[in-house]
Amino acid sequence: MKKKVVSILKQKENITIFCLFLLFFPLKTQLSNILIYAFDALFRGGITFKFFTPNYKSLYFGCEKIAQISQANPNMNWFQKHGIYYVLFLPSLISFGFLFYRWKKGQSFKLLDWFLTIISCFSILTSINNLFNLAFYYANYSLLQIARIVPTIILFLGIGTFIFIKLFTFKERLQTLVFGILGFYGSVFLWMKFLGPKLLPIVP
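Residues numbered from 1 in each chain as written. Predicted model: local features only at pLDDT ≥ 70, side-chain atom pairs only at ≥ 80, totals over all residues. Heavy atoms only, no water.

Trainee: So what exactly am I meant to see when it comes to a nonpolar patch on the surface here?
Mentor: Taken together, the side chains of Leu 42, Phe 43, Trp 78, Phe 79 and Tyr 86 present a nonpolar region at the surface, about 530 Å² in accessible area. No other element matches helix H5 (residues 78-87), which puts three residues into the nonpolar patch. Following the sequence through the fold, Phe 43 ends up in helix H3 (residues 24-44). Judged by relative accessible area, which is 36%, Phe 43 ranks as partly exposed. (Patch = residues over 30% accessible without salt bridge, like charges linked within 9 Å, V, L, I, M, F, W, Y side chains within 5 Å. Areas by Shrake-Rupley, 256 points an atom, 1.4 Å probe, with all protein chains shown as cover. Salt bridge = Lys/Arg side-chain N within 4 Å of Asp/Glu carboxyl O. Helix = DSSP H or I, 4+ residues; strand = E, 2+ residues; numbered from the N terminus. Buried < 20%, exposed > 50% of the residue type's maximum accessible area, 1.4 Å probe, protein only.)

Trainee: Would you mind showing me how to read the packing of aromatic side chains here?
Mentor: We describe a pair of aromatic rings using the distance from one ring centre to the other and the angle between the two ring planes. Considering all chains together, one arrives at 23 aromatic pairs under this definition. Taken together, a centroid distance of 5.2 Å and an interplanar angle of 20 degrees make the contact between Phe 89 and Phe 156 stacked. On the criterion of sequence distance, the pair formed by Phe 89 in the loop between H5 and helix H6 (90-104) and Phe 156 in helix H8 (residues 143-167) is long-range, its members being 67 residues apart. When sorted by exposure, Phe 89 lands in the same class as Phe 156, which is buried. A ring pair is formed by Trp 103 and Phe 162, whose centres lie 5.4 Å apart and whose planes are at 85 degrees; its orientation type is edge-to-face. (Phe/Tyr/Trp six-rings, centres within 6.5 Å; stacked < 30°, edge-to-face > 60°.)

Trainee: What is the right way to look at the nonpolar core in this model?
Mentor: One recurring pattern in soluble globular proteins is that nonpolar side chains are buried together. Core analysis: the largest hydrophobic core is formed by 30 residues, its most contacted members being Phe 24, Phe 25, Trp 114, Ile 118, Ile 159 and Ile 163. Counting only elements with at least two residues in this core, the list comes to helix H2 (13-22), H3, H6, helix H7 (111-136), H8 and helix H9 (170-199). In terms of residue count, H7 provides more of this core than any other element does, eight residues in total. Every residue in contact with Phe 24, bar those within four places of it in the chain, is listed here: Ile 118, Cys 121, Phe 122, Leu 125, Phe 184 and Ser 187. (Core = buried A, V, L, I, M, F, W, Y, C linked by side-chain atoms within 4.5 Å. Contact = heavy atoms within 4.5 Å.)

Trainee: What is the right way to read the pattern of salt bridges from this model?
Mentor: Where charged atoms from two side chains of opposite charge come close, those side chains can pair. According to the stated counting rule, one finds two salt bridges in the structure shown. A salt bridge links Arg 102 to Asp 113; the shortest N-O distance between them is 2.7 Å. On the criterion of sequence distance, the pair formed by Arg 102 in helix H6 and Asp 113 in helix H7 is long-range, its members being eleven residues apart. Exposure class is identical for Arg 102 and Asp 113. Each is buried.

Pasting the structure below:
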């Protein structure tokens with residue numbers, strides 16, 4: 001077992017996996033910005049960007065912002081108000097679909113699969129954060145908010161468990177726990193703490 005672990009940790013592809021995970025937060029946040037822009041252009045007539053400026057965190061859909069957008073256009077339907085919440089989960093869902101298809105076909109785990117895994121992890125991370133907030137700040141949530149977030153929490157935590165237990169072999173699990181986590185926290189520092197605020201600061 002020790003020789004197997006050492007052999008896996010010495011593989012050159014680990015550098016690529018580390019670099020991919022370094023891109024986690026730039027990809028996650030800016031994909032969200034793109035989807036918000038597209039949703040706004042298609043379904044809201046550009047009203048969102050009167051209250052929201054694309055930034056390095058891409059956080060905009062809190063209660064206060066939704067209230068401001070709703071007040072500015074009281075005729076918006078439910079989908080226009082809340083649809084973006086679900087749209088932001090679509091890239092992860094689609095990526096998992098491709099990942100699952102490749103797994104069912106018996107294809108070996110390649111660079112494409114790592115990329116699909118990272119995109120899938122965008123919503124897995126969101127669901128973990130939602131679960132944490134719901135557990136510790138339950139009193140701040142309305143029944144409608146709970147009914148909205150619980151299904152996505154269950155779905156994507158289930159997807160995350162399936163990927164780690166079923167799709168990954170011992171090799172991918174070890175690579176994720178070592179190089180994936182190192183790259184993830186490197187991404188937190190490089191993007192969320194350093195580059196992001198400089199390139200795309202949050203405008204009040």
